[in-house]
Amino acid sequence: MIVMKNEDVMNLARKRGFLWSSFEIYSGVAGFFDYGPLGATLKNKIMNKWRNYYVVQEGFYEIESPTIMPEEALKASGHVDHFNDPMTECKDCMDVYRADHIIKEATGEEVEGLENQRLTEILSEEKIHCPKCGGHLTHVWSYNLMFQTLIGAKGKKTGYMRPETAQGIFIPFKRLLRFFRGKLPFGVVQLGKAYRNEISPRQGVIRLREFTQAEAEIFVDPRDKSHPNFKAVAGEILTLYPAISQEKGGESIKITAQKAVDNKIVASEMLTYQLCLARRFLMELGLSEDVLRFRQHLSTEMAHYAIECWDVEVYTDRYGWIEVIGIADRTDFDLKSHSQHSTEDLRVFLEYPEPRVVKKLRVKANMGKFGPLFKGDAPKILKALEEIDAEDIKQSLDTDGVFQLEFNGTMHELTPDLISFPELEENLRGEKIYPHVIEPSYGIDRIVYSVLLHSFTEDQDRTYFQLPAEVAPVEVNVFPLLNKDDLGRAALHIRDDLRKENIIAEDDTSGTIGRRYARSDEIGVPFAVTVDHQSLEDHTVTIRERDSQKQVRVLISNLPETIKGLISGKIKFEEF
RNA sequence: GCGACUGUAGUCUAGUCUGGUUAGGACUUGGGCCUUCCAAGCCUACGACCCGGGUUCAAAUCCCGGCAGUCGCACCA
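Source: prediction; values computed, not measured. (Residues numbered from 1 in each chain as written. Chains lettered and ligands numbered in written order. Predicted model: local features only at pLDDT ≥ 70, side-chain atom pairs only at ≥ 80, totals over all residues. Heavy atoms only, no water.)

**Some words on the protein's contact with RNA strand B**
Logical step 1: In the vicinity of RNA strand B, 40 residues are found, and the nearest of them are R202, R318, R515, Y517 and R519.
Logical step 2: Counting only the atoms of RNA strand B that lie within 4 Å of the protein, the sugar and phosphate share comes to 47%.
Logical step 3: Between T512 and RNA strand B, the recorded distance is 3.3 Å, taken from a side-chain N or O atom to a phosphate oxygen.
Logical step 4: Breaking the surface near RNA strand B down by element, the ones donating at least two residues are helix 4 (79-83), helix 18 (513-522) and strand 29 (540-545). (Near = heavy atom within 4 Å. Polar contact = N/O pair within 3.5 Å; in protein donor to acceptor, adjacent residues only side chain to side chain. Helix = DSSP H or I, 4+ residues; strand = E, 2+ residues; numbered from the N terminus.)

This is the structure we're talking about:
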C-alpha cells in the first residue's frame, strides 16, 4: 500500500518544522525553501549517509569549492553559451522561440551574439512573424538560467553562481590527479549549493532556484570502464526504462545488473555499478522498489556534456515520476574543454602494461654542411624541422628531391645531402589521455522530499512520517507518564544520559501521554521512552516503538546502548 | 514569461456581493487542573484581514499596482 498526498505531506512538513517557503514575511520568493529545525537535521543526516556511501565505503574524497565562479570557467564548461539564449514569444499562439534561430531561418543571416535590442529591431525590420501561426512576436529577452554577479570593487569581472558543483572538481583536476598520485580510477565528491534561475519554479521543492547537490566525479580510463567490485552488485535487480522502450511506448523492465551490462542495455560496469549504489541508497532511506526506476535519457534530452545518462526516478502522486539522481557518462568533455580554454594540460599519463617498441624516423642533420649554410639560423631551423613529421619530409625529398621549409618569412630549400633519416626504436611506456568521467549527481532536496513523501503514513488514528531511524531528526523522546511526583525529573536525567551518548533525545511533558506519543510519531521519532512509578522502584523504563506501538521494559542502565543498537539496526525491536 | 482564479492566526474557516460595534468559531500551541500508557475532559492565555497606493467621514470588504499560490500554455541546456 502506497499512501502519498503531496498536500498533506507539505502541510505537516511546514507545521512541524521540516520545510517552508523562504522569506515568508516579505511574501516569499518563488523557488526558495527553508529547512526548518527538523528538516535541516533530516537533510544533514541524509547527506552524512551519502558521505558514508561515497567517501567511506567507495573511498572517494570530498572537496569544497566556491559557489561563485568566474565567467571563463563557465564558458569552458559550456554553461555560458547554453544558458544565454535570446528568446521571443508569439503574442497569439504563445509559442516561444530562440530569436536568433528564427531570424536565421527567415533571412539566412547568422545573428548569434547580437544584443537583444538589435535582435528585436531585426525582427520588426524584417517583418518576421511567428513561423507557426504568423502572429506578432514580443521583444527579445535573455533566457539566462545562471545568476550573474560582479566580482570585485570595480565589478569588472563577471561571475556566476555555479549551476552545478561538478565544475569545482574538474577545474583543480591537476592538483587532484597529483593528490591521487597519478593513478586512475579515482573519485572526488562535492556536496553543496547550486543555482539556476528557473523561469517559473512552481513545483515546491522539486524545482528550486537554489538547491543542494551531492556529486561524485569518478575519473576512469576510457578504455576500461569495468568495475573491480562489480561482482558485489551483479545480482541486484534493476528496474530499467531504456530510451528504446520509451520511444516505442514500451514499459520498464526488471533485469539483473549483470544482464544489463551483458545485453548492453547500460554501456558499462562503471555506470551500472553506480545505478546499483543509488538504488541501495534510496532503499535504505525507506523508498520501496515499486516507486523507483532508472530512466535512460533520450538522445534529444541529453545534456551537452554527456553520451549516456540514466535518471533515477521516484514516483510521486503530485508530479508523477521525478528525477532525483542523474547518473551520466560525461566522457572527456569537461577536461578536454577546460584544457583548451585554460591551456593547461589536463591529461593523464597512462602506462602500458608492457612498454611498446615503436619504429620511427628521426631527422638528422648533416651539421658539417647544415651549419655553414644557415649559420646563426641553423639551430632554429633544426627546431622547426623537429616539429614536422619526419615521414613527410622524407617523402618530399624522395619524390621532389627537395623540401621547402618556410622560416621567418623566407623559404629554405633543404636538399638530401643536408639531412638523413635514421630509423629509431622508441620505447613507449604509455600515453597521455583524457580520463572519462562517470558522474552520479544527487538532488538532495528532491531526495528529502521523496523520503518525507514516502514515509508519510496515515492509519486509522495516526498521521506520521515513518522515517528510517537512521535519519530521523529526533531519535528518541523521553516522557514522564504523568506530570507529578519525581517522574519529570527522572525523565530529564535519562534524556541527558542519552545525549551524552550522542543520541538525539528530547523530552515533552505537555498534555497527556497519548497526545505526546502522537506528537512524537508525527515527526517520525522512532522510539519513545516512558518513565512511570515502577521506574522509580526498579530502575526500568519502557521503550515504545513508533511503528508497532509496542512497548518493552529495559533497565535504565542499559538504555543508551539499547537505543543505539535500535537506531543502527543492530538490535531488532521484535527480538525483545 | 503570458492568461484565468485565489490570498483572514500554525491549520481549516465565518464575514467581502450590499464599506460602518472590540473580525467570530473549531482544531493546534503555551500555562494550569485532572489523569498509572496512545490526540479524552475542564480552566486560561497567545495568535490573523499578503504588501503598497488610491477612493471614502470610514476599507478585510471597492479600485490600481506588486508579491505569492493554484490551474492552463510555454520553458526546464
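**Observations concerning the packing of helix 2 (residues 37-57) against helix 16 (residues 444-455)**
Logical step 1: Taken N-terminus to C-terminus, the directions of helix 2 and helix 16 make an angle of 110°; their axes are 10 Å apart at the nearest point. Taken as axis vectors, helix 2 and helix 16 run roughly perpendicular relative to one another. Here helix 2 and helix 16 pass one another in a crossing that is right-handed. Touching L42, K43, I46 and M47 of helix 2 are I444, D445, I447, V448, V451 and L452, all from helix 16. (Axes fitted to C-alpha atoms, helices over the stretch in contact; angles between N-to-C directions. Parallel < 35°, antiparallel > 145°, perpendicular 65-115°, else oblique. Left-handed = near helix turned anticlockwise from the far one by under 90°. Contact = heavy atoms within 4.5 Å.)

**Looking at the sheet that holds strand 30 (residues 551-555)**
Backbone hydrogen bonds are what pair the strands of a sheet, in a parallel or an antiparallel way.
Logical step 1: In spatial order, the strands read 27-26-28-29-30; together these five strands make up an open sheet with mixed pairing. What marks the edges here is a single partner per strand, and that holds for strand 27 (505-507) and strand 30. Neighbour-to-neighbour, the strand axes of the sheet open up by a mean angle of 30°, direction not taken into account.
Logical step 2: Of the pairings in the sheet, the one linking strand 29 to strand 30 comprises five bridges and is antiparallel in character. By the bridge assignment, T540 is partnered in strand 30 with L555.
Logical step 3: Lying over the sheet, helix 17 (residues 487-500) contacts strand 26 (476-480), strand 27, strand 28 (527-531) and strand 29, oriented at roughly 160° with respect to strand 26.
Logical step 4: Seen against the sheet, helix 18 touches strand 26, strand 28, strand 29 and strand 30 and runs at an angle of roughly 170° to strand 26. (Pairing = 2+ DSSP bridges.)

**Remarks on the pattern of salt bridges**
Logical step 1: Per the counting criterion, the structure on display carries 39 salt bridges.
Logical step 2: Between E470 and K49 there is a salt bridge whose closest N-O contact spans 3.1 Å. A residue pair is termed long-range when its members are at least 10 positions apart, and E470 in the loop between strand 25 (463-465) and strand 26 and K49 in helix 2 qualify at 421 residues.
Logical step 3: Judged by its relative accessible area of 5%, K49 falls in the buried class.
Logical step 4: Where E236 meets R279, a salt bridge forms, and the shortest distance between an N and an O atom there is 2.9 Å. Here the residue E236 occupies a position in the loop between strand 11 (210-220) and strand 12 (237-241), and R279 occupies one in helix 11 (residues 269-284), the gap between them amounting to 43 residues. (Salt bridge = Lys/Arg side-chain N within 4 Å of Asp/Glu carboxyl O. Buried < 20%, exposed > 50% of the residue type's maximum accessible area, 1.4 Å probe, protein only.)

**Regarding a nonpolar patch on the surface**
Logical step 1: There is a patch of nonpolar side chains on the surface, built from F23, I25, Y26 and V29 and spanning about 500 Å² of accessible area.
Logical step 2: Within the fold, F23 resides in the loop between strand 1 (19-21) and strand 2 (33-35). (Patch = residues over 30% accessible without salt bridge, like charges linked within 9 Å, V, L, I, M, F, W, Y side chains within 5 Å. Areas by Shrake-Rupley, 256 points an atom, 1.4 Å probe, with all protein chains shown as cover.)

**Examining the domain arrangement of chain A**
Logical step 1: Partitioning chain A into structural domains gives domain 1 (6-67 + 162-335 + 437-444), domain 2 (85-143), domain 3 (363-421) and domain 4 (474-575).
Logical step 2: When each unit is reduced to the centre of its C-alpha atoms, the spacing between domain 1 and domain 2 is 36 Å. (Domains from an automatic or database assignment.)

**Overview of unusual backbone geometry**
Logical step 1: The residue after L184, namely P185, is reached through a cis peptide bond having omega -5°.
Logical step 2: For P185, the position within the fold is in the loop between helix 8 (173-179) and strand 10 (186-195).
Logical step 3: For R181, which is not glycine, the phi dihedral falls at a positive 55°.
Logical step 4: Counting through the fold element by element, R181 comes out in the loop between helix 8 and strand 10.
Logical step 5: For R181, a relative accessible area of 67% corresponds to the exposed category.
Logical step 6: A positive phi angle is found at T343, which is not glycine, with a value near 65°.
Logical step 7: If you trace the backbone, T343 turns up in the loop between helix 12 (333-342) and strand 17 (348-361).
Logical step 8: Classification of T343 by relative accessible area gives exposed; the value is 71%.

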